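Next come the chains, spelled out residue by residue.
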Amino acid sequence: MAVTNPIGVFDSGVGGLSVLRDIRNELPGEDLLYVADSAHAPYGEKSPEFIQARALAITEFLLEQQAKAIVVACNTATSAAAAILRARFSVPIIAMEPAVKPAALSTQTGVVGVLATRGTLSSDNFAKLTSRFGEHAEILVQPCPGLVEQIEAGDLSGEKTKALLTQYLQPLLQRHADTIVLGCTHYPFLVPLIQEIAGSKVVIIDPAPAVARELHRRLAGSSLLSPKVDGGRQHFWTSAAVTKTGPIIAQLWGAKIKVQSLPVAFY
Ligand code: DGL
């Protein structure tokens, strides 16, 4: 495996771009491949079997593009499929974990709110996390149906997005949560709106920087780090229509980019 091979990253849609952004900052010389499975978003309400099949197909596609490591930039896919990917493939597989630990250890009110999909909140992984850190703080969970669809449509601050987010944050704030964990990679794009609704004192925790650092460590540990220190490129694919998802990916990435269609075999 060449150290200059790219890193493959995927999500149910555009949410994983919030993780890709931190990977780009952490590893400026690496080439990055990103797959947005937007034709199948949201994963949050789908069966684990469906998500496993998508995760396997997309990982195989990324490995065909010579990926030297895979980042599952999706909490829902992590819960459903990370263990299967690790058992099946030999490249390093880095995945998400809602940041319950740092939140539970740093809350001042003793109450933490977790925003995530139903898939993540009902997973064994999440149950283990809350039972490990539940003694340090009260952990309130809030599924957020509809929010991923708003972000997939590029609506980060419109009336409907604001109304949904207010509805989801209110019960947490009423119970004095002072720390909000973003347990879905789509939600970091809503940080300004969350802060506006919840107030500037509420602490929002996004695990993406920690995931990017973990990727850095894993690549270094496997002698897979690129010697290039800058100039890394990125390539984007989507399973939805490029004309529809392409502009949203460009909007969230913050640059004019080319987005390709995921090959038919992977639909
Ligand atoms: N971005 C995803 C996550 O982190 C998936 C959301 C979804 O597709 O429902 O959970």
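Residues numbered from 1 in each chain as written. Predicted model: local features only at pLDDT ≥ 70, side-chain atom pairs only at ≥ 80, totals over all residues. Heavy atoms only, no water.

1. Description of the side chain of Thr 245
Inference 1: For Thr 245, the position within the fold is in helix H11 (residues 242-253).
Inference 2: If sequence neighbours within four positions are ignored, Thr 245 has contacts with Val 14, Ser 38, Thr 238 and Ala 240. (Helix = DSSP H or I, 4+ residues; strand = E, 2+ residues; numbered from the N terminus. Contact = heavy atoms within 4.5 Å.)

2. Quick look at the site of the ligand
Inference 1: In the vicinity of the ligand there are 13 residues, among which Ser 12, Tyr 43, Gly 44, Thr 76 and His 186 approach most closely.
Inference 2: Between Asp 11 and the ligand, the recorded distance is 3.0 Å, taken from a side-chain N or O atom to a nitrogen atom.
Inference 3: A distance of 2.8 Å is found between an oxygen atom of the ligand and a backbone nitrogen or oxygen belonging to Asn 75.
Inference 4: Taken by itself the ligand offers 290 Å² of open surface, and the protein chains cover 99% of this.
Inference 5: Judged by the fraction of its atoms near the pocket grid, the ligand is located in the largest cavity.
Inference 6: When its residues are assigned to classes, the shell around the ligand shows five nonpolar, seven polar and one charged. (Near = heavy atom within 4 Å. Polar contact = N/O pair within 3.5 Å; in protein donor to acceptor, adjacent residues only side chain to side chain. Areas by Shrake-Rupley, 256 points an atom, 1.4 Å probe, with all protein chains shown as cover. 1 Å grid on protein atoms, 1.4 Å probe; cavity = no way out; pocket = protein on both sides within 12 Å on 5 of 7 lines; lining within 4 Å. Sits in = over half its atoms within 2 Å of the grid points. Nonpolar A, V, L, I, M, F, W, Y, C, P; charged D, E, K, R; others polar.)

3. Here we look at empty space enclosed by the protein
Inference 1: Tallied over the full model, the rule gives one cavity of 30 Å³ or more.
Inference 2: Of the volumes computed, that of the largest cavity is approximately 80 Å³.
Inference 3: Lining the largest cavity are 15 residues, and of these Ser 12, Cys 74, Thr 76, Thr 117 and Cys 184 sit closest to its centre.
Inference 4: A breakdown of the residues in the lining of the largest cavity according to their chemical character gives five nonpolar, nine polar and one charged. (Points joined across faces, edges and corners; volume = space filled by probe spheres on them.)

4. Describing the layout of surface pockets
Remark: the empty space left among the atoms is shown by a probe the size of a water molecule rolled over them.
Inference 1: Considering only enclosed or pocket space, the largest pocket measures out at about 590 Å³ in volume.
Inference 2: For the largest pocket, the lining is made up of 31 residues, of which Thr 78, Ala 95, Met 96, Glu 97 and Pro 98 are closest to its centre.
Inference 3: Mapped by element, the contributors of at least two residues to the lining of the largest pocket are helix H3 (75-88), strand S4 (93-95), helix H4 (100-106), helix H6 (124-133) and helix H10 (208-221).
Inference 4: Tallied by class, residues from the lining of the largest pocket come to 19 nonpolar, six polar and six charged.
Inference 5: For the second largest pocket, the calculated volume is near 170 Å³.

5. Some points on the sheet that holds strand S9 (residues 234-238)
Inference 1: An order of S4-S3-S1-S2-S9-S10 is seen for the six strands of this open sheet, with the pairing classed as parallel. The open sheet terminates on both sides in strands that have one partner only, identified here as S4 and strand S10 (259-261). Averaged over all neighbouring strand pairs, the angle between strand axes comes to 25 degrees, with direction disregarded.
Inference 2: Helix H1 (residues 17-26) contacts strand S1 (7-11), strand S2 (32-36), strand S3 (69-72) and S9 of the sheet and is inclined by roughly 175 degrees relative to S2.
Inference 3: Contacting S1, S3 and S4, H10 crosses the sheet at an angle of about 165 degrees to S4. (Pairing = 2+ DSSP bridges. Axes fitted to C-alpha atoms, helices over the stretch in contact; angles between N-to-C directions.)

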